[in-house]
Amino acid sequence: MANMECVLAPHDAGARWPWFVGLAVERFEKWCTALKPSHTEQGLASILPPLDVLMVWHAYLLNPGCYAEDGIRVKALEGLQQAGEDLAAALGHGLSESISADPSNTRIHNWVEMTSTPFDPFQSAEHLMSRDILCPKCSTTVQAPYMTVEGTGYLQPGFSLTCTRKTCQFTITPETIRTPTNGFDQRRGQVIKRVILRALSLHLSESPLSEAARFDSVMTSADYNMDAVRQMLTVSMNDGKFIDRIMSAYVDDKIFSVELIGAVLRQGSFVTKMHNFQWTRPAFFDKFEEQIALHHIIARYHAFMELMSSSPGTFLVPTLDIDLAWHTHQLMARQSLGRGAPETLVSGFS
Ligand SMILES: [Zn+2]
């Protein structure tokens, strides 16, 4: 393990885990945006990322609706989509062996080539000091340190950075940072709007503003604050859940519509419970009589799904064994599409 002294890591033990997860998300982003569908031809074992990055991928996969939609919406995630299918197919067919084995030279080489950072997360922490972000106001690229002694780093709760462009000097904070607008989303938004207007038989004249000017006018009136943009949406759309779903794609400067640091941290408490039960111990369910327990779990999961779909609007909390079956099914969501993918069975279980 690398010497941690030279890394600007939080001194507070409680802040170290979120910091480590934050860097893992940075590493995941580097890897998955560099991953091309052609890389997957080498086989999953050769392109598997390090364990910290797998942890982030796993948490992302546990949001199958967002994961699948991001894959369609964001071209840079094409390779990840392909690799995700290979990952699902490897569940129970050699994946745990590949993860437990010492990484092969090919696997390390592929990782370093794609991300230009060391395979070991602690060595990598010495290299990962900042990320380039776009000023939400003037689109200048600004270097944001991950950690600062003042607590204003990108991975710290008090994140704050002043745009370096002299004529701008906008204060970039978690409230104002956003995903740079995606052309595909804009086109899709236009299509949806046109369809709605046609259905309403409205004869509205086209806005005199160009697309860029209209975007500027919205952001200026919201003072570049994404909470204010959300408020503006609330005026014309009263479905809060729907607005949250749309806004989730833009609340930070990453391409994912899931806030992955929070997703990993939440997943941690579930894994701790599984670990305390010893269900994560190797070979825990290997004996035939122990596998009967798994068959029971799957039957209980099916019964729970039926209960959920027959009682919409009822708040039902699954037991941990049912939750485990749900998590496993989510990882195979794409495989099971059309054959009862979790989110097509029920809408309230997440
Ligand atoms: Zn600026």
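Residues numbered from 1 in each chain as written. Predicted model: local features only at pLDDT ≥ 70, side-chain atom pairs only at ≥ 80, totals over all residues. Heavy atoms only, no water.

- Going by what an unreviewed UniProt entry lists, the protein is known as Transposase and is assigned to Favolaschia claudopus.

### Looking at the pairing of strand E1 (residues 130–134)
Moving on, step 1. The two faces of E1 differ: Arg-131 and Ile-133 on one face are buried, but Ser-130, Asp-132 and Leu-134 on the other face are not.
Moving on, step 2. Sheet analysis places E1 next to strand E2 (residues 141–145), joined by five bridges and oriented antiparallel. The partner of Asp-132 across the bridge, within E2, is Gln-143.
Moving on, step 3. Where E1 hands over to E2, the hairpin turn is made up of six residues, of which Ser-139 adopts a positive phi near 65°. (Buried < 20%, exposed > 50% of the residue type's maximum accessible area, 1.4 Å probe, protein only. Helix = DSSP H or I, 4+ residues; strand = E, 2+ residues; numbered from the N terminus. Pairing = 2+ DSSP bridges.)

### What to know about helix H13 (residues 260–276)
Moving on, step 1. With 17 residues, H13 extends 24 Å between its outermost C-alpha atoms, agreeing within 8% with the 24 Å of an ideal straight helix rising 1.5 Å per residue.
Moving on, step 2. Every buried residue of H13 is accounted for by Leu-260, Gly-262, Ala-263, Val-264, Gln-267, Phe-270 and Met-274.
Moving on, step 3. The elements touched by buried residues of H13 are helix H1 (13–34), helix H3 (51–61) and helix H15 (320–331).
Moving on, step 4. Capping the start of H13 is the job of one residue whose side-chain oxygen sits 3.0 Å from the backbone nitrogen of Ile-261: Glu-259.
Moving on, step 5. Where H13 ends, the next residue or the one after it, Gln-278, has phi of about 70°, a positive value. (Expected span 1.5 Å × (residues − 1). Contact = heavy atoms within 4.5 Å. Polar contact = N/O pair within 3.5 Å; in protein donor to acceptor, adjacent residues only side chain to side chain.)

### Structural notes on the coordination of the zinc ion
Moving on, step 1. At this site the zinc ion is bound by Cys-135 (SG), Cys-138 (SG), Cys-163 (SG) and Cys-168 (SG), with donor distances of 2.3 Å.
Moving on, step 2. One way to put it: the four donor atoms around the zinc ion meet at angles of 105 to 111°, and that makes the site tetrahedral.
Moving on, step 3. Written as a sequence motif, the donor residues of the zinc ion are C-x2-C-x24-C-x4-C. Residue Cys-138 is located in the loop between E1 and E2, and its partner Cys-163 is located in the loop between strand E3 (161–162) and strand E4 (171–172); the two are separated by 25 residues in the primary sequence. In this pair, the class of Cys-138 matches that of Cys-163, namely buried. (Donors = N, O, S within 2.8 Å, 3.2 Å for Na, K, Ca; no water. Tetrahedral: all angles 85-135°; square planar, octahedral: opposite > 155°, others 65-115°.)

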